[in-house]
Amino acid sequence: MRISLESSVAKSVVLLVVGGLLLPYSIVALSRYRSARLAENNDKASLERVVAMEPGDAEYRERLGRYALYVDQDAPAALKHYKIAAGLNSFSARNWLGVAHSELILGDDRAALSAINEALTVDPRTPAVATA
């Protein structure tokens, strides 16, 4: 079926409809692009800003937890970020291993073992998980 767009009103309506459909997608894509570019800096301020921009992205939360654990050596802050990441994406063994590592540093062996079991449930065949 062909639609005739000979009149300027019809062309304007089609342009507005197509623009209205593309605008939300473009805004989301631009936001994700900006977040990814900012996260490439790998410093604390950038990662915190990315987490504020994309609060539902588990990967950025996990990276902030890793930064807190290994660079800042702040296990309580790392545990907070890892737990949020595990809550956002419970199918990531990396998130659960971060929780386990933080719990071990904080001295809670039972919680660490529980997190390791979660990681093994999620991904039992990856060597890093199987040897944890």
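Conventions used here
- Residues numbered from 1 in each chain as written.
- Predicted model: local features only at pLDDT ≥ 70, side-chain atom pairs only at ≥ 80, totals over all residues.
- Heavy atoms only, no water.
- pLDDT = per-residue confidence, 0-100.
- Helix = DSSP H or I, 4+ residues; strand = E, 2+ residues; numbered from the N terminus.
- Core = buried A, V, L, I, M, F, W, Y, C linked by side-chain atoms within 4.5 Å.
- Buried < 20%, exposed > 50% of the residue type's maximum accessible area, 1.4 Å probe, protein only.
- Contact = heavy atoms within 4.5 Å.
- Axes fitted to C-alpha atoms, helices over the stretch in contact; angles between N-to-C directions.
- Parallel < 35°, antiparallel > 145°, perpendicular 65-115°, else oblique.
- Left-handed = near helix turned anticlockwise from the far one by under 90°.

## Here we look at the confidence of the model for the chain
Chain-level statistics for the chain give a pLDDT mean of 91 and a share of 98% at 70 or above. Across the chain, element-level confidence peaks in helix α4 (residues 75–88) with a mean pLDDT of 97 and bottoms out in helix α7 (residues 127–130) with 75.

## Considerations on the nonpolar core
Of all hydrophobic cores here, the largest spans 15 residues; its most connected members are Leu69, Ala78, Tyr82, Trp96, Val99, Ala115 and Ala119. Where this core is concerned, the elements lending two or more residues are α3 (58–70), α4, α5 (93–106) and α6 (109–122). Element by element, the count of residues in this core is highest for α4, at five residues. Aside from chain neighbours lying at most four places away, what touches Ala78 is Gly65, Ala68, Leu69 and Ser102. Of all hydrophobic cores here, the second largest spans eight residues; its members include Val50, Val51, Tyr60 and Tyr67.

## So, the packing of α5 against α6
Following both chains from N to C, one finds α5 and α6 inclined at 165°, their axes separated by 8 Å at the closest point. With respect to α6, the element α5 is oriented roughly antiparallel. The crossing of α5 and α6 is left-handed. Between α5 and α6, the residues in contact are Ala93, Trp96, Leu97, Val99, Ala100, Glu103 and Leu104 and Asp109, Ala111, Ala112, Ala115, Ile116, Glu118, Ala119 and Val122, respectively.

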